[in-house]
Amino acid sequence: MKILVVGGGGREHAIIRALKKSPRCTEIWCAPGNGGISYDAACKAIPSTDVAGMVAFAKAEKFDYAVVAQDDPLALGMVDALAAVGIPAFGPDKAAARIEASKVFSKDLMKKYHIPTAGYAAFDDPAKVMEYIRAENKYPTVIKADGLALGKGVLICQNEAEAEAGVKEIMLDKKFGASGNHVVVEEFLTGPEVSVLSFTDGKTLKTMVSSMDHKRANDGDTGLNTGGMGTVAPNPYYTPAIAARCEKEIFLPTIAAMQKEGCPFKGCLYFGLMLTAEGPKVIEYNCRFGDPETQVVLPLLESDFLEIMLATTNGTLDQTEVKFSKGAAACVILASGGYPVAYEKGKEIFGLTDGQLPGAEDVTVYHSGTGRKEEKLVTAGGRVLGVSATAATLPGALEKAYKATGRIAFEGMHQRKDIGAKALKALEH
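Residues numbered from 1 in each chain as written. Predicted model: local features only at pLDDT ≥ 70, side-chain atom pairs only at ≥ 80, totals over all residues. Heavy atoms only, no water.

Asker: Looking at this model, I keep getting lost on a nonpolar patch on the surface. Mind explaining?
Answerer: Side chains of Val154, Ile156 and Phe188 sit close together on the surface and give an oily, nonpolar patch of about 220 Å² of accessible area. According to the relative accessible area criterion, Val154 is partly exposed, its value standing at 33%. (Patch = residues over 30% accessible without salt bridge, like charges linked within 9 Å, V, L, I, M, F, W, Y side chains within 5 Å. Areas by Shrake-Rupley, 256 points an atom, 1.4 Å probe, with all protein chains shown as cover. Salt bridge = Lys/Arg side-chain N within 4 Å of Asp/Glu carboxyl O. Buried < 20%, exposed > 50% of the residue type's maximum accessible area, 1.4 Å probe, protein only.)

Asker: Can you help me understand the packing of aromatic side chains in this one?
Answerer: One pair of aromatic rings is described through two measures. These are the centre distance and the angle between the planes. Under the definition given, this model contains 11 aromatic pairs. Ring geometry for Phe123 against Tyr132: centres 5.3 Å apart, planes inclined by 50 degrees, an arrangement best described as tilted. Through pairs of rings, three or more aromatic residues link up here, namely Phe90, Phe199, Phe289 and Phe305. Against the face of Phe63 rests Lys2, its NZ or CZ located 5.1 Å from the ring centre. Above the face of the Tyr39 ring, Arg372 is positioned so that its terminal group lies 4.1 Å from the ring centre. (Phe/Tyr/Trp six-rings, centres within 6.5 Å; stacked < 30°, edge-to-face > 60°. Lys NZ or Arg CZ within 6 Å of the ring centre and 35° of its normal.)

Asker: I'm lost on the sheet that holds strand S7 (residues 141–145) in this one. Help?
Answerer: Sheet strands line up and pair through hydrogen bonds in the backbone, either parallel or antiparallel. Strand order in the open sheet made by the four strands is S6-S9-S7-S8, with antiparallel pairing throughout. The sheet is open, and its two edges are formed by strand S6 (120–123) and strand S8 (154–157), each paired on a single side. Averaged over all neighbouring strand pairs, the angle between strand axes comes to 20 degrees, with direction disregarded. (Pairing = 2+ DSSP bridges. Helix = DSSP H or I, 4+ residues; strand = E, 2+ residues; numbered from the N terminus. Axes fitted to C-alpha atoms, helices over the stretch in contact; angles between N-to-C directions.)

Asker: Looking at this structure, I do not really get the nonpolar core. What am I missing?
Answerer: Side chains of nonpolar character tend, in soluble globular proteins, to be buried together. One finds Leu4, Leu82, Ile99, Phe251 and Leu273 to be the most contacted residues of the largest nonpolar core, which totals 46 residues. For this core, the element with the most residues is helix H9 (residues 240–260), which contributes six residues. When near neighbours in sequence (up to four residues on either side) are disregarded, Leu273 contacts Pro192, Glu193, Val194, Val196, Tyr238, Cys246, Ile250, Phe251, Lys281, Val282 and Ile283. Of all hydrophobic cores here, the second largest spans 40 residues; its members include Val5, Leu298, Phe305 and Ala311. (Core = buried A, V, L, I, M, F, W, Y, C linked by side-chain atoms within 4.5 Å. Contact = heavy atoms within 4.5 Å.)

Asker: Could you clarify how one ought to interpret the sheet that holds strand S22 (residues 383–391) in this entry?
Answerer: With antiparallel pairing, five strands are arranged side by side in an open sheet as S12-S15-S18-S22-S19. Of all strands in the sheet, those with a lone pairing partner are strand S12 (212–213) and strand S19 (363–367), marking the two edges. Pairing of strand S15 (residues 230–233) with strand S18 (residues 328–335) involves four bridges; the strand directions are antiparallel. Paired with Ala233 across the strands is Ala329, a residue of S18.

Asker: Help me understand helix H8 (residues 160–172), please; the structure alone is not making it clear to me.
Answerer: Residues spaced three or four apart along an α-helix face the same direction, because each turn holds 3.6 residues. Over its 13 residues, H8 extends 17 Å from the first C-alpha to the last, a length consistent with the 18 Å expected when each residue adds 1.5 Å. By the burial criterion, the buried members of H8 are Ala163, Gly166, Val167, Ile170 and Met171. The arc enclosing the buried residues of H8, seen along the axis, measures out at 100 degrees, which places them on a common side. For H8, the exposed residues lying more than 90 degrees away from the buried face are Ala161 and Leu172. Buried residues in H8 make contact with S6, helix H7 (126–136), S7, S8 and strand S9 (183–187). The distance from a side-chain oxygen at the start of H8 to the backbone nitrogen of Ala161 is 3.2 Å, and the residue carrying that oxygen is Asn159. Count one or two residues on from H8 and you reach Lys174, which has phi positive near 55 degrees. (Expected span 1.5 Å × (residues − 1). Arc of directions from axis to C-beta. Polar contact = N/O pair within 3.5 Å; in protein donor to acceptor, adjacent residues only side chain to side chain.)

Asker: Looking at this structure, how should I read the pairing of strand S20 (residues 370–373)?
Answerer: If a strand is regular, its side chains alternate between the two faces of the sheet. Bridge count for S20 against strand S21 (residues 376–379) is four bridges, and the pairing is antiparallel. Directly across from Lys373, in S21, lies its bridge partner Lys376. Linking S20 back to S21 in an antiparallel pair, the connection comprises two residues, with Glu374 at a positive phi of about 50 degrees.

Asker: Just checking my understanding: could you explain the packing of H7 against H8 for this structure?
Answerer: For any two helices packed against each other, one specifies the crossing angle of their axes together with the interaxial distance. Two numbers describe how H7 lies on H8: the axes approach to 10 Å, and their chain directions differ by 155 degrees. By the criterion of interaxial angle, the relationship of H7 to H8 is roughly antiparallel. Here H7 and H8 pass one another in a crossing that is right-handed. Where H7 abuts H8, its residues Pro126, Val129, Met130, Ile133 and Arg134 lie against Glu160, Ala163, Glu164, Val167, Met171 and Leu172. Among the residues making up the contact of H7 with H8, the classes are represented as eight nonpolar, no polar and three charged. (Parallel < 35°, antiparallel > 145°, perpendicular 65-115°, else oblique. Left-handed = near helix turned anticlockwise from the far one by under 90°. Nonpolar A, V, L, I, M, F, W, Y, C, P; charged D, E, K, R; others polar.)

Asker: Help me understand the pattern of salt bridges, please; the structure alone is not making it clear to me.
Answerer: Pairing is possible between side chains of opposite charge, provided their charged atoms come close. Per the stated rule, a full pass over the model turns up 28 salt bridges. Between Glu249 and Arg245 there is a salt bridge, with the nearest N and O atoms lying 2.9 Å from each other. Here Glu249 pairs with Arg245, and both are found in helix H9, just four residues apart, close to one helical turn. A salt bridge links Glu375 to Arg372, with the nearest nitrogen and oxygen atoms 3.8 Å apart. Judged by relative accessible area, Arg372 falls into the partly exposed class, the value being 36%. Here the salt bridges share partners, and the residues they tie into one network are Asp221, Arg416, Asp418 and Lys422.

Any functional reading would require information beyond the geometric quantities listed.
In structure tokens:
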């Protein structure tokens, strides 16, 4: 099968590397792709949000199947547009993608179907937001832009002044554009966070191995929020008892709710969970694979990835094996100095051969923001590389991943030194 993967980051690279193991996968393209991905797939420089351009390219190249991996093209209806020209795709249609594309839609869905989540109120008037926050007088409080904001449209405000500044930033200054026309104000939840990705064909749901993301830029969970500085899998806080409870109270009710609303969800549904004192609650849904969660989840997948994807599209997931290894995986992100604010691009990357680390067993380097310049590999983004390792145990995977990052270098390279520290602590108890 000739396959097109839409996107150009570390998640897409992980998807491509997993697809290449499938015997039925004969040719892979990635659009737009990046410098490092080009070692594993043919790349075509089409912006992932250019639905018409992507569909025209897919039609001309006669792709058998497409994987729409990013949130923006899913929200814009790329799966619908591909289906209209006869190309089946992995991912939800536009109506189902609202579960991530609109916080108001997802919160209202959870409220209607009694799916546990934080208490909330939705607004389109900035003055009304502050009235509500003052009346509630509970801090910290959480303010979320309704639409997509590259994972950065969530503000945790410690007092009234911060809340006012947040409302101004999102709703008046339009830092996230039209995504800030509506906001959701949520109660602040505490507890361990867990990411659970799942495959679903709209009826059947099969979860993947759990993971733990590290959002803050610096060690000790300090610094600014990023797209993710590293991940580990499985997440030790996600016990079999909690998994069973989540399936019953959150996962299956969500699939049933989407069916009842007339927009069944097909593809990868991501559950961002908080394990609170009252039980697990949904912080957010994503309508696609997470980044960098994918970089630790897919290396542990033992079943045929392409067959699973096709089953979600064809509605045959109940007859398809989804099996993960009993081992562990760790991913450490190597970022440009200054990320997530200002950073320089075009710095040469040293230590890699054809995008990978020679001789490093059970280690894969996933490229998030890299380019090729006169046969040299250079930095081209904030998050540059994700160095993932697998092992029988989490300490083993972390040791391999950190040993590998020590062999890679570029000017201004920044990484967290404590990825997995919380997970290791949890394993001790």
